[in-house]
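As a plain string of letters, each chain reads:
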Amino acid sequence: MSQLSLTVDVAGLRLRNPVMNAAGVLGMSAPLLKRVYEGGAGAVVTKSLGPVQRMGHHNPTLISVEGGALNAMGLPNPGAKYFVNAIRELKGKGIPVVASFFGASFEDFSEVAGILSDSGADALELNVSCPNVEEEMGMLGADPVNTERVTAIVKEVAEPPVFVKLSPNVTDISEIARAAERGGADAITAVNTLKGMAVDVDLRKPILTNVTGGLSGPAVKPVALRCVWEVAGAVDIPVIGCGGISSWRDAIEYLLCGATAVEVGTAAMERGLDVYGDIADGIRGYLEENEYREVKEVVGLAREA
Ligand code: RRO
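Engineer: Is there a simple way to explain helix H4 (residues 144-157) in this structure?
Structural biologist: Residue pairs three or four apart in sequence face the same way in an α-helix, which turns once every 3.6 residues. If you check H4, its first and last C-alpha atoms are 21 Å apart, about what 14 residues at 1.5 Å a residue would give, namely 20 Å. Pro 144, Thr 147, Val 150, Thr 151 and Val 154 are the residues of H4 that are buried. Down the axis of H4, the buried set is contained in an arc of 135°. They therefore lie on one face. Facing away from the buried side of H4, by more than 90 degrees, are the exposed residues Val 145 and Glu 156. Those residues of H4 that are buried are in contact with strand E7 (97-101), helix H3 (106-118), strand E8 (123-127), strand E9 (162-166) and helix H5 (173-183). Near the N-terminus of H4, the side chain that reaches the backbone nitrogen of Val 145, with its oxygen 3.3 Å away, is that of Asp 143.

Printed below as a string of structure tokens:
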């Protein structure tokens, strides 16, 4: 029998394999997240939760574009308090839960982190990188001082590890990653969506009601991979890779660049929930074929020139 293990440890969070769903994708209810886990994910990540219920932007909020999808959901969510029961339900089934969250003020970030910490979530993912809202501090993570401050505020109240999810829409992501690390981040998730837009040539108007949206899917992979490369070279905490992963090969590229685990979003919309197990199986096959016994043996190998 093979000794091979897909288990990974992300800042103390032990996962049966390194593949999670990306926040926002299928993370709106306990039954959907349970299906993500049954599809083979190592842990599930919730939609970003805020202090109060939000309806989000008006439709259209999600469209297909060449090479991926463009979304401007606008942080629709039921509110962190309301989602606590869903988190407990998942925990009751033995499913590791990463609770993604945001705030419209520093006080909000602290309050929501406290609620989600008390819910028993296994990790918190601090979203400072939503490209689709302005007044709600979506892009707090464009600034290193704010990133360090909000991370420190959240760390004061959070019991479980805190992953800080960064934006690719910045000049120097390494600087922001180092700021999060200084604030006490336990891991960095890199990256959120790339800001983009699409125009309807017949209506001669932007397609999304919000005008701009976040680009995800295969088109963003080279950019997101470069971000992971830079972040992994800049900090000593684990990095979770996210952006355009739809096959085990994509996932392995991220691991080789220094990611300890990965998140998959858009591919699940196209391929269904088995994509998580398929990618995990593919990682297993790669390790087997190359005679590795643990995922961590390949993490960062492309960096060793
Ligand atoms: O809800 C959204 O519009 C959204 C969020 Br919170 C985010 O972090 N990233 C994204 O592409 N969309």
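Next comes the rest of the description.
Engineer: Where do I start with the nonpolar core in this structure?
Structural biologist: Soluble, globular proteins show a tendency: their nonpolar side chains are buried together. In this structure, Phe 101, Leu 116, Leu 126, Val 164, Ile 188, Tyr 276 and Ile 283 are the most contacted members of the largest nonpolar core, which totals 93 residues. Considering every element that reaches this core, the biggest residue donor is helix H6 (residues 221-234), with seven residues. Among the nonpolar cores identified, the runner-up in size contains five residues, and Ile 63, Leu 70, Ala 198 and Leu 208 belong to it.

Engineer: Please explain the site of the ligand as it appears in this structure.
Structural biologist: Around the ligand, the structure places 13 residues, and the nearest of them are Lys 47, Gly 74, Asn 127, Asn 192 and Thr 193. In this structure, Thr 193 approaches the ligand through a side-chain N or O atom, which is 2.7 Å from an oxygen atom.

Engineer: Would you explain the sheet that holds strand E5 (residues 62-65) in this entry?
Structural biologist: Each strand in a sheet pairs with its neighbour through backbone hydrogen bonds, running either in the same direction (parallel) or in the opposite one (antiparallel). Here we have four strands laid out as an open sheet, ordered E5-E6-E14-E11, and antiparallel in their pairing. Since the sheet does not close on itself, it has two edges, and those belong to E5 and strand E11 (194-197), each with one partner. Neighbouring strand axes in the sheet, compared pairwise and without regard to direction, differ in orientation by 40° on average. Where strand E6 (residues 68-71) and strand E14 (residues 212-216) come together, three bridges link them in antiparallel fashion. Counted as the bridge partner of Ala 69 is Ser 216 from E14.

Engineer: I'm lost on the packing of H6 against helix H7 (residues 248-257) in this one. Help?
Structural biologist: To characterise two packed helices, one gives the angle between the axes of the helices and the distance between these axes. The interhelical angle for the contact between H6 and H7, taken along N-to-C directions, is 25°, at an axis separation of 9 Å. Here H7 runs roughly parallel to H6, going by the angle between their axes. At the point where H6 passes H7, the crossing takes the right-handed sense. The residues of H7 that touch H6, namely those facing Lys 221, Ala 224, Leu 225, Val 228, Trp 229 and Ala 232, are Asp 250, Glu 253, Tyr 254 and Cys 257. Taken together, the residues that form the contact of H6 with H7 break down as seven nonpolar, no polar and three charged.

The rules behind the values
- Residues numbered from 1 in each chain as written.
- Predicted model: local features only at pLDDT ≥ 70, side-chain atom pairs only at ≥ 80, totals over all residues.
- Heavy atoms only, no water.
- Helix = DSSP H or I, 4+ residues; strand = E, 2+ residues; numbered from the N terminus.
- Expected span 1.5 Å × (residues − 1).
- Buried < 20%, exposed > 50% of the residue type's maximum accessible area, 1.4 Å probe, protein only.
- Arc of directions from axis to C-beta.
- Contact = heavy atoms within 4.5 Å.
- Polar contact = N/O pair within 3.5 Å; in protein donor to acceptor, adjacent residues only side chain to side chain.
- Core = buried A, V, L, I, M, F, W, Y, C linked by side-chain atoms within 4.5 Å.
- Near = heavy atom within 4 Å.
- Pairing = 2+ DSSP bridges.
- Axes fitted to C-alpha atoms, helices over the stretch in contact; angles between N-to-C directions.
- Parallel < 35°, antiparallel > 145°, perpendicular 65-115°, else oblique.
- Left-handed = near helix turned anticlockwise from the far one by under 90°.
- Nonpolar A, V, L, I, M, F, W, Y, C, P; charged D, E, K, R; others polar.

Geometric values such as these leave the question of function open.
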